[in-house]
Amino acid sequence: MESLAPAVYLTLAIAVIGGYLLGSIPFGMIATRLGGAGDIRKIGSGNIGATNVLRSGRKDLAAITLLGDGGKGAVAVGLAHWLSHGNPAVVALAGGAAFAGHIFPVWLKFNGGKGVATFYGVLLAAAWPVGLLAAATWLAMAALFRISSLAALTAAALAAPFALATDRPYPILALCLFMAVLIYIRHKDNIRRLLKGEEPRIGKKKTAETPPPEA
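Residues numbered from 1 in each chain as written. Predicted model: local features only at pLDDT ≥ 70, side-chain atom pairs only at ≥ 80, totals over all residues. Heavy atoms only, no water.

You'll find the protein chain entered in an unreviewed UniProt entry as Glycerol-3-phosphate acyltransferase, with Caulobacter hibisci given as the organism. Quoted verbatim from the Catalytic activity (unreviewed entry) field of UniProt, the annotation for the protein chain is "an acyl phosphate + sn-glycerol 3-phosphate = a 1-acyl-sn-glycero-3-phosphate + phosphate". Reading the Subcellular location (unreviewed entry) entry of the UniProt record for the protein chain gives the comment "Cell membrane". (UniProt positions renumbered as here; feature names shortened; annotations may be inferred.)

If you want it as structure tokens, here you go:
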């Protein structure tokens, strides 16, 4: 058993550190700069995620950001699944690390996005039934209310119940709860605007006339 310990620790280290570094890649910033849209942190809310990139008027860059932010979470989970032969605890740790990396990226002084796309990428790779149910929730709420943050908050709140309903392992349930808590924390300003009826709707441009509340 002692001979296995170094391999276990190495697997955990690769899964967590690798997941965090993958999650830290700021695809929104990379896409907008290379695409000629400028610094996304100076547009709309200042967030680096796909919803704010869409406010730049560039649907192509928003799609690239969405795929990149979701993909990095899925890759982190896939790598952990391969390294650990599907161990749910290792998968959950890697997914949580990638999600935390997006929100607290080392490359941007730990001030990143709100994590919604990465949340879906992690869930679809770690527990696809939960990911599909969460995505369906987002689509339904977005179609009804046309408010991205409300759709994301609803999906995040229901992820853990979806995990329970589909009989996922406890580490996956913990992962859902962890991501949901951080999503709500990162959306505190959105929640405040929702309560006031001031939250912008999907597709509406938002100018940065005042300093953005968060990057």
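1. Concerning the overall build of the protein chain
Looking only at helices and strands, one finds 10 helices and 0 strands in the protein chain. Ordered by position in the sequence, the α and β elements of the protein chain form the string α-α-α-α-α-α-α-α-α-α. For 215 residues, the compact-globule formula gives about 17 Å, and the C-alpha radius of gyration of the protein chain, at 17 Å, lands near that figure. In terms of its C-alpha atoms, the protein chain occupies a principal-axis envelope of roughly 60 × 35 × 25 Å. Expressed as a percentage of the 215 residues in the protein chain, the buried residues total 46%. Considering only intrachain contacts with a sequence separation of at least 6, the fraction spanning at least 24 residues in the protein chain is 66%. As presented, the protein chain carries roughly 10700 Å² of accessible surface, and 70% of it is formed by carbon and sulfur atoms. Counting 20 positive and 10 negative side-chain charges, the protein chain places the averaged centre of each group 7 Å from the other. (Helix = DSSP H or I, 4+ residues; strand = E, 2+ residues; numbered from the N terminus. Rg over C-alpha atoms; globule rule 2.2 N^0.38 Å. Buried < 20%, exposed > 50% of the residue type's maximum accessible area, 1.4 Å probe, protein only. Contact = heavy atoms within 4.5 Å. Areas by Shrake-Rupley, 256 points an atom, 1.4 Å probe, with all protein chains shown as cover. Lys, Arg positive; Asp, Glu negative; His and termini not counted. Charge placed at Lys NZ, Arg CZ, Asp CG, Glu CD.)

2. Side note on the packing of helix α6 (residues 116-126) against helix α7 (residues 128-145)
To describe two helices that pack against each other, one gives the angle between their axes and the distance between the axes. Relative to each other, α6 and α7 sit at 145°, their axes nearing to 5 Å. Along this stretch, α6 crosses α7, giving a crossing that reads as left-handed. In this structure, α6 uses Phe-119, Tyr-120, Leu-123, Leu-124 and Ala-126 to contact α7, whose residues at the interface are Trp-128, Val-130, Gly-131, Leu-132, Ala-134, Ala-135 and Trp-138. Residue classes in the contact of α6 with α7 are distributed as 11 nonpolar, 1 polar and no charged. (Axes fitted to C-alpha atoms, helices over the stretch in contact; angles between N-to-C directions. Left-handed = near helix turned anticlockwise from the far one by under 90°. Nonpolar A, V, L, I, M, F, W, Y, C, P; charged D, E, K, R; others polar.)

3. Description of the UniProt feature "transmembrane region" (unreviewed entry) in the protein chain
Taking the UniProt record as the reference, the feature "transmembrane region" (unreviewed entry) is found at residues 6-32, 89-107, 119-140, 147-164 and 170-186. Helix makes up 95% of residues 119-140 and strand 0%, and the two end C-alpha atoms of the span are 17 Å apart.

4. Brief notes about a nonpolar patch on the surface
A grouping of Val-16, Ile-17, Leu-21, Leu-93, Phe-104, Val-106, Trp-107 and Phe-110 is seen on the molecular surface, where their side chains present a nonpolar patch of about 740 Å² in accessible area. Ranked by residue count, the leading element in the nonpolar patch is helix α1 (residues 5-23), at 3 residues. With respect to the helices and strands, the residue Ile-17 is situated in helix α1. (Patch = residues over 30% accessible without salt bridge, like charges linked within 9 Å, V, L, I, M, F, W, Y side chains within 5 Å. Salt bridge = Lys/Arg side-chain N within 4 Å of Asp/Glu carboxyl O.)

5. Here's the deal with the side chain of Asp-189
Within the secondary structure, Asp-189 sits in helix α10 (residues 188-196). For Asp-189, a relative accessible area of 11% corresponds to the buried category. At 2.5 Å, the side chain of Asp-189 forms a polar contact with the side chain of Arg-192. (Polar contact = N/O pair within 3.5 Å; in protein donor to acceptor, adjacent residues only side chain to side chain.)

6. Section: unusual backbone geometry
Phi is mostly negative for residues that are not glycine, and the peptide bonds are mostly trans. The backbone of His-85 sits at a positive phi, close to 60°, despite the residue not being glycine. Here His-85 lies in the loop between α4 (59-84) and α5 (88-103). Of note in this structure, Lys-109 is not a glycine but carries a positive phi near 55°. Among the secondary structure elements, Lys-109 is positioned in the loop between α5 and α6. When its relative accessible area of 76% is taken as the criterion, Lys-109 is described as exposed.

7. With respect to α5
Residues spaced three or four apart along an α-helix face the same direction, because each turn holds 3.6 residues. Taking 1.5 Å of rise per residue, 16 residues should cover 22 Å, and α5 covers 23 Å from first to last C-alpha, within 8% of that figure. Extensive coverage of α5 is indicated by the burial of 13 of its 16 residues. For α5, the N-terminal capping position is held by Asn-87, with its side-chain oxygen 2.9 Å away from the main-chain nitrogen of Ala-89. (Expected span 1.5 Å × (residues − 1).)

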